[in-house]
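Chain residues, written in single-letter form:
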Amino acid sequence: SQTIHQWPATLVQPVGSPLSLECTVEGTSNPNLYWYRQAAGRGLQLLFYSVGIGQISSEVPQNLSASRPQDRQFILSSKKLLLSDSGFYLCAWSGSPSGTQYFGPGTRLTVL
Amino acid sequence: QKEVEQDPGPLSVPEGAIVSLNCTYSNSAFQYFMWYRQYSRKGPELLMYTYSSGNKEDGRFTAQVDKSSKYISLFIRDSQPSDSATYLCAMSGDFGNEKLTFGTGTRLTIIP
């Protein structure tokens, strides 16, 4: 069966510090991978998605970036965090024609 | 107009009641319809998935799609306190399913 992991689970970072969140998927090959942000009480905002190694599509211009160095690894990064980057970050994968996505447990980021 | 509209609630009902959650959409190309359940501070989990119009039942949950009205529903029978969560609808078309279009979610509380 497929499993998706995210770490860390929680993170508190000062403004201006760098960020690296990691997501890995097990039990599937060549998945589509996604990064979402969910602000408190808000819906899901798609940040990036990837259909293959090194292929990244950005949905929202911002100070975040994403990379996919391996087939089942997706990394979300920032060089300098802003207060507005606080939120719940979710990674998801998809592998079916319907586009059904399966989510990881999320990372709660607080920027102080 | 948003592509997908979902009443944010909050919705509170007594235990044992039938719950109806709904989404409307504007894109007639949508063919795949999903419902996700998200507990507080957790990632969304896929609850139900349907293709095109019709009903699908899974235990106490029934998903209904009316493409002529561009309206989907999720019914929960014999609601339990453990059903208290935010419910998100999502949908995609037959082609280019790299992305899902999500509703903003309805927050549901089942009162014991």
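Everything below is about the structure shown above.
Residues numbered from 1 in each chain as written. Chains lettered and ligands numbered in written order. Predicted model: local features only at pLDDT ≥ 70, side-chain atom pairs only at ≥ 80, totals over all residues. Heavy atoms only, no water.

Student: Residues and numbers for the overall build of chain B, please.
Tutor: When you go through chain B residue by residue, the secondary structure sums to 0 helices and 11 strands. Moving toward the C terminus, one meets the helices and strands of chain B in the order β-β-β-β-β-β-β-β-β-β-β. Its C-alpha atoms give chain B principal-axis dimensions of about 45 × 30 × 25 Å. For chain B, the residues scored as buried account for 43% of the 112 residues in total. Restricting the contact set of chain B to residue pairs at least 6 apart, pairs at least 24 apart contribute 55%. Here chain B displays about 5,500 Å² of accessible surface, and carbon together with sulfur accounts for 48% of that area. Across chain B, the mean location of the 11 positive side-chain charges is 5 Å away from that of the 12 negative side-chain charges. (Helix = DSSP H or I, 4+ residues; strand = E, 2+ residues; numbered from the N terminus. Buried < 20%, exposed > 50% of the residue type's maximum accessible area, 1.4 Å probe, protein only. Contact = heavy atoms within 4.5 Å. Areas by Shrake-Rupley, 256 points an atom, 1.4 Å probe, with all protein chains shown as cover. Lys, Arg positive; Asp, Glu negative; His and termini not counted. Charge placed at Lys NZ, Arg CZ, Asp CG, Glu CD.)

Student: Can you lay out the sheet that holds strand β7 (residues 64-70) of chain A for me, pointing to particular residues and giving the numbers?
Tutor: Residue and element names in this part refer to chain A. The antiparallel open sheet is built from 4 strands, whose spatial order is β1-β3-β8-β7. Strands with a single pairing partner mark the edges of an open sheet, and in this sheet they are β1 (3-7) and β7. Averaged over all adjacent pairs, the angle separating strand axes in this sheet is 20°, with direction ignored. Bridge analysis of β1 against strand β3 (residues 19-26) gives 5 bridges, and the strand direction is antiparallel. Bridging across to β3, Thr 3 finds its partner in Glu 26. (Pairing = 2+ DSSP bridges. Axes fitted to C-alpha atoms, helices over the stretch in contact; angles between N-to-C directions.)

Student: Which residues make up the sheet that holds strand β8 (residues 71-76) of chain B, and what values do they have?
Tutor: Residues and elements named next belong to chain B. Taken in spatial order, the 5 strands make up an open sheet running β1-β3-β8-β7-β6, and their pairing is antiparallel. Whereas interior strands pair on both sides, the edge strands pair on one side only; in this sheet they are β1 (4-6) and β6 (54-58). Neighbour-to-neighbour, the strand axes of the sheet open up by a mean angle of 15°, direction not taken into account. Bridge count for β1 against strand β3 (residues 19-25) is 3 bridges, and the pairing is antiparallel. Bridging from a neighbouring strand, Glu 5 pairs with Thr 24 of β3.

Student: Lay out the packing of aromatic side chains with the relevant residues and their values.
Tutor: Aromatic rings in a pair are described by how distant their centres are and how their planes are angled relative to each other. Within this structure, the stated rule accounts for 13 aromatic pairs over all chains. Between Tyr 36 of chain A and Phe 102 of chain B, the ring centres sit 5.7 Å apart and the planes meet at 85°, which makes this aromatic pair edge-to-face. Taken as a pair, Tyr 36 of chain A in strand β4 (residues 32-38) and Phe 102 of chain B in strand β10 (residues 101-102) lie in two separate chains rather than in one. Comparing Tyr 36 of chain A with Phe 102 of chain B shows no difference in burial state: the two are buried. Between the NZ or CZ atom of Arg 108 of chain A and the centre of the ring of Phe 88 of chain A, over which it lies, the distance is 4.4 Å. (Phe/Tyr/Trp six-rings, centres within 6.5 Å; stacked < 30°, edge-to-face > 60°. Lys NZ or Arg CZ within 6 Å of the ring centre and 35° of its normal.)

Student: Mind laying out the nonpolar core, listing which residues take part and the relevant values?
Tutor: All names here are of chain B. Ranked by internal contacts, the top residues of the largest apolar core, which has 23 residues, are Trp 35, Ile 72, Leu 74, Tyr 87 and Met 91. Of all the secondary structure elements, the ones that give two or more residues to this core are β3, β4 (30-38), β5 (45-51), β7 (61-66), β8, β9 (85-93) and β11 (106-111). Setting aside anything within four residues of it in sequence, one finds Met 91 in contact with Val 4, Tyr 25, Phe 30, Tyr 32, Phe 33, Ile 72, Leu 100 and Thr 101. (Core = buried A, V, L, I, M, F, W, Y, C linked by side-chain atoms within 4.5 Å.)

Student: Pulling in residues and values, what's your account of the interface of chain A and chain B?
Tutor: On the side of chain B, 18 residues touch chain A, which itself brings 22 residues to the contact. For the pair chain A and chain B, the two sides together bury roughly 1,600 Å², of which 58% comes from carbon and sulfur. When the buried area of chain A at its contact with chain B is split by residue, Leu 44, Ser 98 and Phe 103 of chain A rank highest and sum to 27% of it. For the pair chain A and chain B, the interface holds 1 salt bridge. Two residues, Lys 99 of chain B and Glu 59 of chain A, come together in a salt bridge whose shortest N-O distance is 3.3 Å. In this structure, the connection of chain A to chain B is made through 4 residue pairs in polar contact (both at pLDDT 80 or more). Looking at the side of chain A that touches chain B, the elements that each hand over two or more residues are β4, β5 (44-52), β9 (87-94) and β10 (101-103) of chain A. Of the residues contributing to the side of chain A that touches chain B, the split by class is 12 nonpolar, 8 polar and 2 charged. (Buried area = accessible area lost by both parts, 1.4 Å probe. Salt bridge = Lys/Arg side-chain N within 4 Å of Asp/Glu carboxyl O. Polar contact = N/O pair within 3.5 Å; in protein donor to acceptor, adjacent residues only side chain to side chain. Nonpolar A, V, L, I, M, F, W, Y, C, P; charged D, E, K, R; others polar.)

Student: For the side chain of Thr 100 of chain A, give the residues involved together with the corresponding values.
Tutor: One can find Thr 100 of chain A in the loop between β9 and β10. Separated by 2.6 Å, the side chains of Thr 100 of chain A and Ser 98 of chain A make a polar contact. Setting aside its immediate chain neighbours within four residues, Thr 100 of chain A contacts Trp 93, Ser 94 and Gly 95 of chain A together with Met 34, Tyr 36, Leu 46 and Tyr 49 of chain B.

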